[in-house]
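Structure assessment
These are the residues of each chain, in order.
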Amino acid sequence: MKLHALALSVVSVLVASQVQAAPKVYGQLNVSVESYQKDNQNPATDDEDYTRLQSNASRFGVKGEDELTAKLSAVYGIEWQINTDGEGNDLGQRNRYVGIKHKDLGTLKFGKFDTYLKTAQGKTDLFNDFLGDIEFTIAGEDRANNAIGYESPSFKNFQLNVLSQTQDVASKATNGSSASIVYDNQELGLYAALGVNQSIVGRTALFGSTREGDGYRLAVSYNVADLTVNALYSTNEKYDGNDGEKAYLLGAAYKINDIVLKAQYSSAEADDANKIAAGNSIEKNVFSVGADYNLTTKTRAFVWYTNREDVKKDAVIVVPNDIEESSLALGVEHKF
C-alpha cells in the first residue's frame, strides 16, 4: 500500500508539473459595423461615404512560463494579428519573445515587442484599436525589432523597464533605446508612468513616415469610485532635433453597473509648421465618445462615434487640402 501510494504521489506531481508548463492559448476577436465618411477639402480628391465591416486588431497568441529552478524560469510568447472581416492577410506580426525570468531580479527577454514608451500609456487610451486610437495623433506607438528588454519586479508599486534595439535596425550606427518608470497603485486607483525613446525607429503622427527619433511620454490615470480620468503628454522629434511634434490626450470613463460611458480628445501639432514639407500634416485632432456594455468579463458590446481632423501643409497655399473623417460604429469583442 505504501509503495502504491508513493507511486500515485509521483505520478500526480509529474502530471501537475506538465499542466503548469503547458502553454496558454489566448486572443480576442473584435469586429464592428461602421458608417464611415471622409471629406477631402481638395476639390481634386473625391469624398467617401460608405458602410464597412472592420476588424479591430483581432489577434491570438501563445505564451508560457516553464520552471527551470526554484527561482528561475523560461518565458516566451508569440502573437499574431488576424482579420476577422476576411480582408488582407492573416498572421501579421505582433509581439514575440523568449527570455529568462528570476523571481527576485526580474525578466530579460529577446525578440520583437512594444517599446516601453508605448506601454507607458497603460490603459489611458479608451479607444485603443479603433478609429480613435491615439496612434493617429501621438507618436511612439511602436514595436521594436531586434530588441533586448529588461523588466524589473514591482517594488513598492514601482517598476523599471529598459530596452535596447540593436545597431542593424538603425540608419546610423547607434543602438536605439527605450525605458520607462511606472507607478501603479491599485489601492489608491493611481497610475503614472514616464517613458523615453532615444534613436528608436518608429512612426510619427504628423510627418507621414517612420524615422529614427527621440520621444518622451507622461501618462496619468486616476480612478475614484466609478469614475476614471486620464491624461497623456508626448513629444517626438527626429534624432537630429528636427521635425518636432507635441501631443496630448484627455479622457474620462464612468461605470454604471455593466455599462461604461467614455469620451476622449487627443491633439498633435508641429513645433514649427514652416519646416514641414508639402503634403505632411501641421495638426491632427481626434474626438471620440462611446459606451461599452460588458455582457461577461470576456465579452462586450460597444458603440462609438469618432471624428478626426487632419490639417495638411499644401504645396500651393490657395488649394485647401485638409481631411475630415468620421465614423459611427456598433460592434462586439470576445476574449478567450
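Worth saying up front: this structure is predicted, and the values here are computed from it rather than measured.

This next bit is on a negative patch on the surface. A grouping of Asp39, Asp46, Asp47, Glu48, Asp49, Glu309 and Glu324 is seen on the molecular surface, where their side chains present a negatively charged patch. Glu309 gets classed as partly exposed once you look at its relative accessible area, which sits at 35%.

Time to look at the pattern of salt bridges. Counting across every chain of the model gives 17 salt bridges. The partner of Arg143 in a salt bridge is Asp114, with the nearest N and O atoms 3.3 Å apart. Taken together, the residues Arg143 in strand β7 (residues 143–151) and Asp114 in strand β6 (residues 106–114) connect sequence positions 29 residues apart. Linking Arg203 and Asp142 is a salt bridge whose minimum nitrogen-to-oxygen distance equals 3.6 Å. Separated by 61 residues along the polypeptide, Arg203 in strand β10 (residues 190–203) and Asp142 in the loop between α2 (116–119) and β7 bring together distant segments of the chain. Relative accessible area serves as the criterion here: at 39%, Arg203 is assigned to the partly exposed category. Among the ionic contacts, a cluster of salt bridges with common partners joins Lys262, Asp292, Arg300 and Glu333.

On to the nonpolar core. Nonpolar side chains in soluble globular proteins tend to be buried together. Counting 12 residues, the largest nonpolar core consists of Ile134, Ile138, Ala205, Leu206, Phe207, Ala219, Leu232, Ala247, Leu249, Ala268, Ala270 and Ile276. If you list the elements that add at least two residues to this core, you get β13 (245–256) and β14 (259–270). Not counting the four nearest positions on each side in its chain, Ala205 is found in contact with Phe136, Thr137, Ile138, Ala139, Glu245 and Lys284.

Before going further, it helps to spend a moment on the pairing of β7. Looking at chain direction, β6 and β7 are connected through seven bridges and run antiparallel. Bridging from a neighbouring strand, Thr107 pairs with Glu151 of β7. Where β7 meets strand β8 (residues 158–165), five bridges bridge the pair, whose relative direction is antiparallel. Directly across from Ile148, in β8, lies its bridge partner Ser164. Count of turn residues in the β7/β8 antiparallel hairpin: six residues, of which Lys156 carries a positive phi of about 55°.

Scoring rules and cut-offs
Residues numbered from 1 in each chain as written. Predicted model: local features only at pLDDT ≥ 70, side-chain atom pairs only at ≥ 80, totals over all residues. Heavy atoms only, no water. Patch = residues over 30% accessible without salt bridge, like charges linked within 9 Å, V, L, I, M, F, W, Y side chains within 5 Å. Areas by Shrake-Rupley, 256 points an atom, 1.4 Å probe, with all protein chains shown as cover. Salt bridge = Lys/Arg side-chain N within 4 Å of Asp/Glu carboxyl O. Lys, Arg positive; Asp, Glu negative; His and termini not counted. Charge placed at Lys NZ, Arg CZ, Asp CG, Glu CD. Buried < 20%, exposed > 50% of the residue type's maximum accessible area, 1.4 Å probe, protein only. Helix = DSSP H or I, 4+ residues; strand = E, 2+ residues; numbered from the N terminus. Core = buried A, V, L, I, M, F, W, Y, C linked by side-chain atoms within 4.5 Å. Contact = heavy atoms within 4.5 Å. Pairing = 2+ DSSP bridges.

Just geometry here; none of it tells us what the structure is for.
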